[in-house]
Amino acid sequence: MDNRTFGRLGWSVSEVGYGMWGVGAGPGGWQGADDQESLEALQLAVDLGCNFFDTAWIYGRGHSEQLLGRLLKDNSGQRLYAATKVPPKDRAWPSTRASLLSDVFPYDYVAEYLDKSLANLGVDRVDLLQYHVWEDSWVDNDEWLESIARIRSAGLAEGIGISINRWEPWNGVRAVESGLIDSVQVIYNIFDQAPEDTLFPACRAHDVAVIARVPFDEGTLTGAITRETTFSPDDWRASYFVPENLESSVTKVEALKADLPPDANLADIALRFILANPDVATVIPGMRRSEHVRRNIASSDGQPLSDELMTTLRAHRWDREPTEWSQ
């Protein structure tokens, strides 16, 4: 496993991190997780060199954080980095231009959920605290400025980050340029290349770490989702892969696969495409089982994709606009 520097915080983090949404089974999440299977996969990741773990309180209403807390305790002799997120108070994903900071992240509420996350993780300080939605207009809000200052001065978080709304990479540039945050988490993959336009150059200029999420486009870039794929009603993906999205996503994947060698491993190529960009500090695929861990970490072997293949992949950029089902 290769490591990269996590922006100005200077951490040496595994370039393939661990996205923990899928292991926090609960209302509104990905269904089908098993705690014992998840813990075995998490430990295998550590054994294979993964040291960056991204979770959130909303993933199982604290359950994903508790599993990470067990992992941290079991590996207390190793430096593992724990990143979590405060959910929006109004429980609206994503936020909108009309969202007020006072309704989404008032300080007392942020402090309450930070306390919950610290208890779930079993730590006195979280490595990275992220705001789970973001509006760049909040940069000028005195309450937000005071909030992050109080969190830092209390020593409750080493780093502060934002998680940028789906398909809005521009909606984080001002936060990066403010010098007040240490990281951005953004959707970046073969289809979603828009962060390269303005967000990544800003992060590069201000030494802000990039966490690339949704590397497999919620599963389509593994090749496992077809037009016949269905999800249980209590699985988040049932609300995301509405017929309109399922059809267009599968069509895009079919076009991509037609440009690749017949024996190409789509998931591996998807990760290597992201790792080809030096602006990315770590990519956080979801991994619920040990086979996922082995497969994804194997992509961190220092072997780049050919220039020809990268050119082919870049031609499959897909610029999308947020809609009622994109969340």
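Look up a bit, the structure's there.
What counts and what doesn't
Each chain has its residues counted from 1, following the order in which its sequence is written. Two thresholds apply to this predicted model, a pLDDT of at least 70 for residue-level local features and 80 or more for giving and counting side-chain atom pairs, whereas whole-chain, interface and lining totals are computed over all residues. Only hydrogens and water are set aside; all other atoms, that is, all heavy atoms of the structure, feed into the side-chain values. Numbering of helices and strands runs from the N terminus, with a helix taken as a DSSP run of H or I at least four residues long and a strand as a DSSP run of E at least two residues long. Per-residue accessibility, obtained with a 1.4 Å probe over protein chains only, is compared with the maximum for each type, and a residue is labelled buried under 20%, exposed over 50%, and partly exposed between these values. Within 3.5 Å is the distance limit for a polar contact, defined as a pair of N or O atoms, with the added protein rule that one can donate a hydrogen and the other accept it, and that residues adjacent in sequence qualify only through two side-chain atoms. Any two residues whose heavy atoms approach within 4.5 Å are treated as being in contact. We define a salt bridge as a contact between a side-chain nitrogen of Lys or Arg and a carboxyl oxygen of Asp or Glu at a distance within 4 Å. Pairing between strands is defined by DSSP: at least two bridges between the two strands are required. A right-handed crossover is one whose linking path, passing over the helix from the first strand to the second, runs clockwise when the strands point away from the viewer. For this analysis, a ring pair means two rings from Phe, Tyr or Trp (six-membered ring only for Trp) whose centres lie within 6.5 Å, classed as stacked if their planes differ by under 30 degrees, edge-to-face if by over 60, and tilted for the remaining angles. For a Lys NZ or an Arg CZ to count as sitting over a ring, it must be within 6 Å of the ring centre and within 35 degrees of the ring normal.

Engineer: Can you break down the side chain of Asn75 residue by residue, with the values?
Structural biologist: Residue placement: Asn75 occurs in the loop between α2 (63–74) and β5 (81–86). When its relative accessible area of 7% is taken as the criterion, Asn75 is described as buried. Among the polar contacts listed, one links the side chain of Asn75 to the backbone oxygen of Leu71, at a separation of 2.9 Å. When near neighbours in sequence (up to four residues on either side) are disregarded, Asn75 contacts Gln43, Val46 and Leu80.

Engineer: Please provide a residue-by-residue account of the pattern of salt bridges, values included.
Structural biologist: Side chains that carry opposite charge are capable of pairing whenever their charged atoms lie near each other. Using the criterion set out here, one finds 25 salt bridges in the structure. Of the charged contacts, one joins Glu112 and Lys116 as a salt bridge, the two residues approaching to 3.6 Å between their closest N and O atoms. Separated by four residues within a single helix, Glu112 and Lys116 lie in helix α4 (residues 107–121), roughly one turn from each other. What emerges from the salt-bridge pattern is a single network uniting Arg79, Arg125, Asp127 and Glu158.

Engineer: Can you explain the pairing of strand β6 (residues 126–131)? Please cite residues and give values.
Structural biologist: Across the six residues that make up β6, a large majority, six, are buried. In terms of strand pairing, β5 meets β6 through four bridges, oriented parallel. Bridge assignment links Lys85 to a residue of β6, and that residue is Gln130. Inspection of the sheet shows β6 paired to strand β7 (residues 157–163) by five bridges, in the parallel sense. Its bridge partner lying in β7, Tyr131 is registered against Ile162. Taking the sense of rotation as the criterion, the β-α-β connection linking β6, helix α5 (residues 142–153) and β7 turns out right-handed.

Engineer: Describe the environment of Leu101, with residues and values.
Structural biologist: Along the chain, Leu101 falls in helix α3 (residues 101–104). For Leu101, a relative accessible area of 2% translates into the label buried. A sequence separation of 96 residues divides Leu101 from Asp197, and the C-alpha atoms of the two residues are 27 Å apart. The residues touching Leu101, leaving out its near neighbours within four places in the chain, are Pro106, Trp138, Asn141, Glu143 and Trp144.

Engineer: Describe in detail the packing of aromatic side chains, supporting the description with residues and values.
Structural biologist: Going through the model one piece at a time under the given rule, you end up with 22 aromatic pairs. Ring centres of Tyr188 and Phe200 lie 5.0 Å apart, and the angle between their planes is 70°; on these two criteria the pair is classed as edge-to-face. Of this pair, Tyr188 sits in the loop between β8 (183–187) and α7 (199–206) while Phe200 sits in helix α7, placing them 12 residues apart in sequence. Just as Tyr188 is buried, Phe200 falls in that class too. Their ring planes at 40° and their centres at 6.0 Å tell us that Tyr188 and Phe273 sit as a pair that is tilted. Taken together, the residues Tyr188 in the loop between β8 and α7 and Phe273 in helix α10 (residues 266–275) connect sequence positions 85 residues apart. Here the aromatic cluster, defined as three or more aromatic residues joined through ring pairs, consists of Trp21, Tyr59, Trp167, Phe231, Trp236, Tyr240, Phe241 and Trp325. Over the aromatic face of Tyr113 sits the side chain of Lys116, whose NZ or CZ is 4.2 Å from the ring centroid. Geometry around Trp318 places Arg320 over its ring, the cationic atom sitting 3.9 Å from the centre.

Engineer: An account of unusual backbone geometry is requested, with residue identities and associated values reported.
Structural biologist: Here Trp93 and Pro94 are connected by a cis peptide whose omega angle stands at -5°. Of note, Pro94 is situated in the loop between β5 and α3. One non-glycine residue with positive phi stands out, namely Arg61, at about 50°. Tracing the backbone shows Arg61 in the loop between β4 (52–54) and α2. Residue class for Arg61 comes out partly exposed when judged on its relative accessible area of 42%. In this structure, Arg91 is a non-glycine residue whose phi angle is positive, near 55°. Take Arg91: it is sitting in the loop between β5 and α3.

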